[in-house]
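# Fold and contact review
Residues per chain are reported as follows:
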Amino acid sequence: MPHPEIEGALTGQGLRIGIVMARFNSLVTESLLAGALSGLRRHGVADEAITVVKVPGSWELPLTLATMAATKKYDGLIALGAVIRGDTPHFDYVAGEAAKGIGNAMMKAEIPIVFGVLTTNTLEQAMDRAGAKSGNKGYDAAATVIEMANLLRELRA
Ligand code: INI
């Protein structure tokens, strides 16, 4: 018996996408933002269908995302941030709460909220993932939000 196999398409036409970028470690997060915008455009999301919101740090991401999701103006959201360990326990609180808060916001909003928050030990590792060496996680986040927004549309249809 053949079984249905469903995957979201990578076509961005008609999708409304919001990006929330944390300015903390902005050298990294501005590169993630450039990658995300490039990924959205490459997959056909219209410029006027993209909203970019900037907040002080990753701690501020969950509330901002939840507020945007509640407006019902977006098919999907992307969270961008960089939490770098350094030698302070602040890292665990900020990274942990950002992950938990973004996850909670997504489940309440019932739209995809892609986790584009880097959590690394060093600035160099973060830069590597923001376009310097190991791709750009912002670009990857764009592809993921498009795939997931299309998948959810299909599953709900
Ligand atoms: N915010 C980050 O996005 N990354 C970090 O590495 C970070 N560290 O290490 O402190 C960070 N802190 C700021 C935090 O997100 C809030 O903006 C601040 O606490 C005000 O609420």
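Above this text is the structure in question.
Because the structure is a prediction, the values reported are computed rather than measured.

## A word on the site of the ligand
Around the ligand, the neighbouring residues are F24, N25, G57, S58, W59, E60, A82, V83, I84, H90 and V94. Interatomic distance of 3.0 Å between a backbone N/O atom of W59 and an oxygen atom of the ligand. Taking A82, its main chain carries an N or O atom lying 2.8 Å from a nitrogen atom of the ligand. Here the element with the most residues in the shell around the ligand is strand 3 (residues 76-84); it accounts for three residues. Classifying every residue of the shell around the ligand gives six nonpolar, four polar and one charged.

## A short note on the environment of G103
Residue placement: G103 occurs in helix 3 (residues 90-109). Sequence-wise, G103 and F24 are 79 residues apart; in three dimensions their C-alpha atoms are separated by 20 Å.

## Re the nonpolar core
Formed by 25 residues in total, the largest nonpolar core has its most connected members in I19, L40, I78 and L80. Elements supplying a minimum of two residues to this core: strand 1 (17-22), helix 1 (26-42), strand 3, strand 4 (113-120) and helix 5 (137-156). The element best represented in this core is helix 1, accounting for six residues. Not counting residues up to four positions away in its chain, the partners in contact with L80 are I19, V20, M21, A22, L32, L33, A36, L61, G116, V117 and G138. Counting residues in each nonpolar core, the second largest holds 20 residues, with L65, I102, I113 and V117 among its members.

## Brief notes about the pairing of strand 3
Every other side chain in a regular strand lies on the same face of the sheet, so the side chains alternate between the two faces. Counting buried positions along strand 3 gives eight out of nine residues, so the element sits mostly inside the fold. Of the strand pairs in this sheet, strand 3 and strand 4 are connected by eight bridges, and their pairing is parallel. Note on strand 4: the bridge partner recorded for I84 is T120.

Parameters at a glance
Residues numbered from 1 in each chain as written. Predicted model: local features only at pLDDT ≥ 70, side-chain atom pairs only at ≥ 80, totals over all residues. Heavy atoms only, no water. Near = heavy atom within 4 Å. Polar contact = N/O pair within 3.5 Å; in protein donor to acceptor, adjacent residues only side chain to side chain. Helix = DSSP H or I, 4+ residues; strand = E, 2+ residues; numbered from the N terminus. Nonpolar A, V, L, I, M, F, W, Y, C, P; charged D, E, K, R; others polar. Core = buried A, V, L, I, M, F, W, Y, C linked by side-chain atoms within 4.5 Å. Buried < 20%, exposed > 50% of the residue type's maximum accessible area, 1.4 Å probe, protein only. Contact = heavy atoms within 4.5 Å. Pairing = 2+ DSSP bridges.

Fair warning: the whole summary comes from geometry, so function is off the table for now.
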